[in-house]
Each structure stands twice: as C-alpha cells, then as structure tokens.
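An overview of the molecular structure
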Amino acid sequence: MTNQPSHLIETRILDPRLGTEWPEPDYLTAGAAGIDLRACIEKPLILEPGECQMIGTGFAVHISDPGAAGVVLPRSGLGHRHGIVLGNGTGLIDSDYQGEIKVSAWNRNPPVDTYGARWSDEPYISEPYMIEPGERIAQLVFMPVIQARLVQVSEFTPTERGAGGFGHTGR
C-alpha cells in the first residue's frame, strides 16, 4: 500500500523469496515512515541473550542522491517485547552504497546470571529469541542529508548556551 512517492530509489531484490514467499520490501500502510526489512536466512536463527548476529535482508538500494540517506532502525515491537534491537543502534545507508542491506540484530537481554543481585523483583526477560526466515526484523527510513561545507574560524559568535553540554539546563 504505497503512498505517493516523493523520490524514486533504485532497488534490487537479491533473494528470490522476496516477492514470492514473502512480500517485497514496501510501506505497509499509507502513513508508514519505514519499509520493513525481512530476515533472508535459510533456517531459523536463535539469538541468545547478549548475542549479536549480522543478518542479510536480500535487498539492496541505490539512493544516488547525495542529499538523501537511508537509516535502518529497529522495529519497536521487537525491541519492547523481546529485547531485539540493532547492535549498532542505527544503520546508515549512504547514497552511493549499492550492496545488500544487512541488519546487526542484538538480543540486548542479559544472560540470567549477569547481574546477580536485583534492584527490582521483576524477572529479567532473558530468553533466546528465534528469528524465522522472512520475519520482519528492522525498518528502513529515507531521510534528507545536508552535506555541509566546513569553515574553520578562530572563535564562534557567542550564544546564550555557549559550550554548555549535558545537563546544562537542569533536570
């Protein structure tokens, strides 16, 4: 259910199961910001607590416009319910990259005996997670990019904030 696209992005399907066994990457609703990426693996993959694995998506893009980039983000449901997030936080797809998009999937749940004493009575979700072939594991969002020209100066024009960093405005 693709909304009216504002940019054309070249894509390549690298895994023949996309579009036959599983849907091709696309927006699932007219208001969706991200395209779901699927695990193009041959058999189920067990991701143990604390473990990180690189997973191919069987999909490549060529954005070509240096004013745009792709950002790979975790799926919120997998992160919240199962602790499955991206090992690198987010993935960045540069406009000139043409290879397969891969997802660094990380089971952020600690092994059961990692912390010993607990600060809460709630049990850890410290279970392996099984990623099934074709499962939606991440999402791809296209974003504008500014390629700035850096200009060296001897000092900046003062602002009210200045160099105030973390916590400078209070809690």
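So, a few notes on the structure that sits alongside this text. Keep in mind that what you see is a predicted model, and the values were worked out from it rather than measured. (Residues numbered from 1 in each chain as written. Predicted model: local features only at pLDDT ≥ 70, side-chain atom pairs only at ≥ 80, totals over all residues. Heavy atoms only, no water.)

1. Notes on the sheet that holds strand β2 (residues 35–38)
Note the following rule: Here, any two strands with at least 2 DSSP bridges between them count as paired. Only runs of H or I of at least four residues qualify as helices and only runs of E of at least two qualify as strands under DSSP, and these elements are numbered from the N terminus. Only the contacting stretch of a helix is used when fitting its axis, a line to C-alpha atoms as for every element, and angles between N-to-C directions run 0 to 180 degrees.
With antiparallel pairing, four strands are arranged side by side in an open sheet as β2-β10-β5-β7. Of all strands in the sheet, those with a lone pairing partner are β2 and β7 (91–93), marking the two edges. Geometrically, the sheet is characterised by an average inter-axis angle of 30° between neighbouring strands, direction not taken into account. Of the strand pairs in this sheet, strand β5 (residues 68–74) and strand β10 (residues 136–144) are connected by seven bridges, and their pairing is antiparallel. Looking across to β10, one finds that V72 is bridged to L140.

2. Overview of the nonpolar core
If you look at soluble globular proteins, the nonpolar side chains tend to sit buried side by side. Our working definition: Buried Ala, Val, Leu, Ile, Met, Phe, Trp, Tyr and Cys residues form a nonpolar core when they are joined through side-chain atoms within 4.5 Å. In this scheme, a residue with accessible area under 20% of its type's maximum is buried, one over 50% is exposed, and one in between is partly exposed, where area comes from a 1.4 Å probe on protein chains only. Residues count as neighbours in contact if any of their non-hydrogen atoms are within 4.5 Å of one another.
In terms of nonpolar packing, the biggest core is built from 26 residues, with L37, V72, I101, I131 and L140 touching the most fellow members. If you list the elements that add at least two residues to this core, you get β2, β4 (52–62), β5, β6 (84–86), β8 (100–107), β9 (129–131) and β10. If near-sequence neighbours (up to four positions away) are discounted, L140 is found in contact with A33, G34, I35, L37, F59, V61, G70, V71, V72, I93 and I101.

3. Let's talk about the pairing of β10
Where β2 meets β10, four bridges bridge the pair, whose relative direction is antiparallel. Opposite R38, over in β10, you have R136 as the bridge partner.

4. Here's the deal with the side chain of R38
For the record, the criterion: As used throughout, the charge tally considers Lys and Arg to be positive and Asp and Glu to be negative, leaving His and the chain termini uncounted. In the sections that follow, a salt bridge refers to a side-chain nitrogen of Lys or Arg positioned within 4 Å of a carboxyl oxygen of Asp or Glu. N or O atoms closer than or at 3.5 Å make up a polar contact, with two conditions inside protein: a donor-capable atom paired with an acceptor-capable one, and, for residues adjacent in sequence, both atoms drawn from side chains.
Note on placement: R38 falls in strand β2. Buried R38, no salt bridge; nearest opposite-charge side chain is D36, N-O distance 5.9 Å. At 2.8 Å, the side chain of R38 forms a polar contact with the backbone oxygen of G134. When residues no more than four places from it in sequence are discounted, the contact partners of R38 are L18, W22, P23, G56, T57, G134, E135, R136 and I137.

5. Brief notes about the sheet that holds β8
As summarised here, the arrangement of the four strands in space is β1-β4-β8-β6, forming an open sheet in which the pairing is antiparallel. Looking along the sheet, the strands with just one partner apiece sit at the ends: β1 (10–13) and β6. Mean inter-strand twist for the sheet, computed between neighbouring axes without regard to direction, equals 45°. Strand direction decides the pairing type here: β4 and β8, joined by six bridges, are antiparallel. For Q53, the partnering residue across the bridge sits in β8 and is A105.

6. Observations concerning the pattern of salt bridges
Oppositely charged side chains may form a pair once their charged atoms are brought near each other. Under the definition given, this model contains four salt bridges. As a salt-bridge pair, D15 and R17 come within 2.6 Å of each other at their nearest N and O atoms. Here D15 falls in the buried class, since its relative accessible area comes to 10%. What makes R17 buried here is its relative accessible area of 12%. Put simply, D15, R17 and E42 are held in one network by salt bridges that share partners.

7. Quick look at empty space enclosed by the protein
Basically, it comes down to this: A cavity here means a set of points on a 1 Å grid, drawn over the protein atoms and nothing else, where a 1.4 Å probe fits but cannot get out; a pocket is an open set with protein on both sides within 12 Å along at least five of seven lines, and a residue lines either one if it has an atom within 4 Å of a point. Grid points are joined across faces, edges and corners, and a volume is the space filled by probe spheres set on the points.
Taken as a whole and judged by the stated rule, the model has one cavity of 30 Å³ or more. For the largest cavity, the calculated volume is near 40 Å³. Every residue lining the largest cavity is listed: P23, E24, P25, D26, L28, D36, R38 and R136.

8. Quick look at unusual backbone geometry
Of note, the phi angle at S64 is positive, near 65°, even though the residue is not glycine. Mapped onto the secondary structure, S64 falls in the loop between β4 and β5. Here S64 falls in the partly exposed class, since its relative accessible area comes to 46%.

9. Description of the pairing of β5
When you tally the buried positions in β5, you get five out of seven residues, the bulk of the element. Relative to β7, β5 runs antiparallel, the two being bridged by three bridges. Each bridged residue has a counterpart across the sheet, and for V72 the counterpart in β7 is G91.

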